[in-house]
Amino acid sequence: MKRLLTFCFILFLISCQTNELDLKSNPIDSKIIIEAKEVLEPNSRRLTLIAKTERIYPCLNYPLITNKEVEDNSLKITFTSVLKTDFCFTALGPATSMIDLNGISNGEYEIEINNANLKNNGILKITDLDISILFNQKNGIDFVRQNTKRVPENTYWGTIGYHQSSTLALVDEFIQKFEDAGAKFNKQLPGHYFYYEIDNSGEIVSTVENSGYYFLKSFIFQYDGDESKLKEIVQIEGKNYKEIFNLGLETYKGEIFYNWGN
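Now for a quick tour of the structure. (Residues numbered from 1 in each chain as written. Predicted model: local features only at pLDDT ≥ 70, side-chain atom pairs only at ≥ 80, totals over all residues. Heavy atoms only, no water.)

Attention now moves to helix 3 (residues 227–237). Burial in helix 3 covers these residues: Glu-227, Leu-230, Ile-233 and Val-234. Angular distribution of buried residues about the axis of helix 3 spans 125 degrees; they occupy a single face of the element. Contacts made by the buried residues of helix 3 are with strand 11 (155–162), helix 2 (168–180), strand 14 (215–222), strand 15 (246–251) and strand 16 (256–258). (Buried < 20%, exposed > 50% of the residue type's maximum accessible area, 1.4 Å probe, protein only. Helix = DSSP H or I, 4+ residues; strand = E, 2+ residues; numbered from the N terminus. Arc of directions from axis to C-beta. Contact = heavy atoms within 4.5 Å.)

It is worth spelling out the sheet that holds strand 5 (residues 96–100) at this point. One open sheet holds the four strands; their spatial order is 5-2-1-9, and the pairing between them is mixed. For this open sheet the edge positions go to strand 5 and strand 9 (141–143), each flanked by a neighbour on one side alone. If you compare each strand with its neighbour and ignore which way they point, the axes differ by 30 degrees on average. Bridging between strand 1 (residues 32–41) and strand 9 involves three bridges; their strand directions are parallel. Within strand 9, the position partnered with Ile-34 by the bridge is Phe-143. (Pairing = 2+ DSSP bridges. Axes fitted to C-alpha atoms, helices over the stretch in contact; angles between N-to-C directions.)

This part covers the layout of surface pockets. Taken as a whole, the largest pocket holds about 390 Å³ of empty space. Taken together, 23 residues form the lining of the largest pocket, with Gly-158, Thr-159, Leu-216, Ser-218 and Glu-250 sitting closest to its centre. Of all elements in the fold, only strand 11, strand 14, strand 15 and strand 16 reach the threshold of two or more residues within the lining of the largest pocket. Broken down by element, the lining of the largest pocket gets its largest block of residues, five residues, from strand 11. (1 Å grid on protein atoms, 1.4 Å probe; cavity = no way out; pocket = protein on both sides within 12 Å on 5 of 7 lines; lining within 4 Å. Points joined across faces, edges and corners; volume = space filled by probe spheres on them.)

Turning next to the packing of helix 2 against helix 3. Helix packing geometry: the angle between the two helix axes and the distance between the axes. Where helix 2 contacts helix 3, the axes come no closer than 9 Å and their chain directions differ by 150 degrees. Overall, the two elements helix 2 and helix 3 adopt an arrangement that is roughly antiparallel. Viewed along their axes, helix 2 and helix 3 form a crossing whose handedness is right-handed. Facing helix 2, whose interface residues are Phe-174, Lys-177 and Phe-178, helix 3 presents Leu-230, Ile-233, Val-234 and Glu-237. Partitioned by chemical class, the residues of the contact of helix 2 with helix 3 number five nonpolar, no polar and two charged. (Parallel < 35°, antiparallel > 145°, perpendicular 65-115°, else oblique. Left-handed = near helix turned anticlockwise from the far one by under 90°. Nonpolar A, V, L, I, M, F, W, Y, C, P; charged D, E, K, R; others polar.)

This is the structure:
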């Protein structure tokens, strides 16, 4: 048994060293992390892959050069190099790329994603509900998540940040205004929607860390009425509360309404 464990450990070390050598000899000497995002716009949605190097560079604006080939039922994406530009945004950051897959309809596609010389083959599945990227083996690439939910039509979500616990009663009172206007606060399908996350109980997740507030309340609802009514609630009625809390309401069309500012 001891010999077997020793043999497995040696294989593990060899595997790690091989992967390191692969990246060191590759034109891009870093793993590439990929995430699916559906860009929400007033009249359209654009499926996009966000890619960034695991390695952090001295300039924030280094582009990750990418080649894309799209056929009827297959896609090929190859990251070819990191371009170290002459002009430098002097902040640390990864090299990045946005791969526009606009025009790809629901269905199942063979997808090849290559980190330069490191090849990978998998499946891209797109349905009305979600986007899935399925790879059995990953050489020089990784994914933030395998499945990303798509934001349903007529969905609105928001956060209210405040600094005193006693403000919660006013926060709940204000959220009630949306329900009075016809919003439906139903349970949501659990999963990650890129813009927000729904837990297993069907509630939106609130993350107060790094929000800038002591307290944060998140909410989500569906609304198929006149959107100008929601905008009025946030921007006109909400201004009366701007010294007490800050509200941001996001929409399935990619817009954001605030209760502060002009």
